[in-house]
Amino acid sequence: MTDKELHINKIENGTVIDHIEAGQGLNVLSLLGIEGSDGESVSVIMNFGSNTVGSKDIVKVQNRELNQDELDVLSLISPNVTINIISGYEVSLKHRVQRPEYVVGVLNCPNRNCITNGKEPIDSKFDVKDEVISCEYCGAHIEDVTQHLA
Ligand SMILES: [Zn+2]
């Protein structure tokens, strides 16, 4: 992210999620459970950039950092995302999300008969190493992670 981009609607403290695949910005917001009702200042920039280099979405959230579960799911939705932690209007930390081998407790299994959907308190566990995201318990596949967020 260049300084010029950062100057669009600068935030004092919080997180800028950059290089979101175009069209996924609103999914990122719902993934983070951000509706603006908690008074967070949020901006979503959609289809930023030119057609030649490809466009992207950017999400800026004031006074909010992401936990590891959120970063993990983010990596599934949009693998090239860059996280910029902002403090005092400056980028204090910048890193890319890394796709983990497994995610635990962040996705719901689409198989209603899966043990993770039963009465026992068992956290879901999905193998996300490959393109195919599959339940460790029953092998069910998830096509669209945004439809199965826990
Ligand atoms: Zn399952």
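That block above? That's the structure.
This write-up is about the structure you can find in this document.

So, how was this worked out
Residues numbered from 1 in each chain as written. Predicted model: local features only at pLDDT ≥ 70, side-chain atom pairs only at ≥ 80, totals over all residues. Heavy atoms only, no water. Donors = N, O, S within 2.8 Å, 3.2 Å for Na, K, Ca; no water. Tetrahedral: all angles 85-135°; square planar, octahedral: opposite > 155°, others 65-115°. Helix = DSSP H or I, 4+ residues; strand = E, 2+ residues; numbered from the N terminus. Buried < 20%, exposed > 50% of the residue type's maximum accessible area, 1.4 Å probe, protein only. 1 Å grid on protein atoms, 1.4 Å probe; cavity = no way out; pocket = protein on both sides within 12 Å on 5 of 7 lines; lining within 4 Å. Points joined across faces, edges and corners; volume = space filled by probe spheres on them. Nonpolar A, V, L, I, M, F, W, Y, C, P; charged D, E, K, R; others polar. Domains from an automatic or database assignment. Pairing = 2+ DSSP bridges.

With distances of 2.3 to 2.4 Å, the protein atoms coordinating the zinc ion are Cys109 (SG), Cys114 (SG), Cys135 (SG) and Cys138 (SG). In this structure, the zinc ion is surrounded by four donor atoms whose angles at the metal cover 100 to 116 degrees, and the resulting shape is tetrahedral. The sequence pattern formed by the donor residues of the zinc ion is C-x4-C-x20-C-x2-C. In this pair, cysteine 114 is assigned in the loop between strand 6 (102–104) and strand 7 (125–127) and cysteine 135 in strand 8 (residues 133–135), connecting sequence segments 21 residues apart. With a relative accessible area of 3%, cysteine 114 lands in the buried category.

Here we take up the layout of surface pockets. As a volume, the largest pocket reaches approximately 280 Å³. Considering the residues around the largest pocket, the lining is formed by 16 residues, among which Leu76, Ile133, Glu143, Asp144 and Val145 are closest to the centre. Of all the secondary-structure elements, those providing two or more residues to the lining of the largest pocket are helix 3 (68–77) and strand 9 (141–142). Its residues assigned to classes, the lining of the largest pocket comprises seven nonpolar, four polar and five charged. Mapped onto the domain boundaries, the lining of the largest pocket takes at least three residues apiece from domain 1 (3–96) and domain 2 (102–147).

The subject of this paragraph is the sheet that holds strand 7. Taken in spatial order, the four strands make up an open sheet running 6-7-8-9, and their pairing is antiparallel. Bordering the open sheet on either side are strand 6 and strand 9, each of which pairs with just one other strand.

Its location among the elements puts glutamate 90 in strand 5 (residues 90–96). Taking the C-alpha atoms as reference points, glutamate 90 and asparagine 13, 77 residues apart in sequence, are found 8.3 Å from one another.

Moving on, we come to the pairing of strand 1 (residues 14–21). Among the eight residues in strand 1, six count as buried, and that is most of the element. With six bridges joining them, strand 1 and strand 3 (residues 56–62) adopt antiparallel strand pairing. Each bridged residue has a counterpart across the sheet, and for valine 16 the counterpart in strand 3 is lysine 60. Strand direction decides the pairing type here: strand 1 and strand 4 (residues 82–87), joined by five bridges, are antiparallel.

Purely spatial values, then, with no claim about function.
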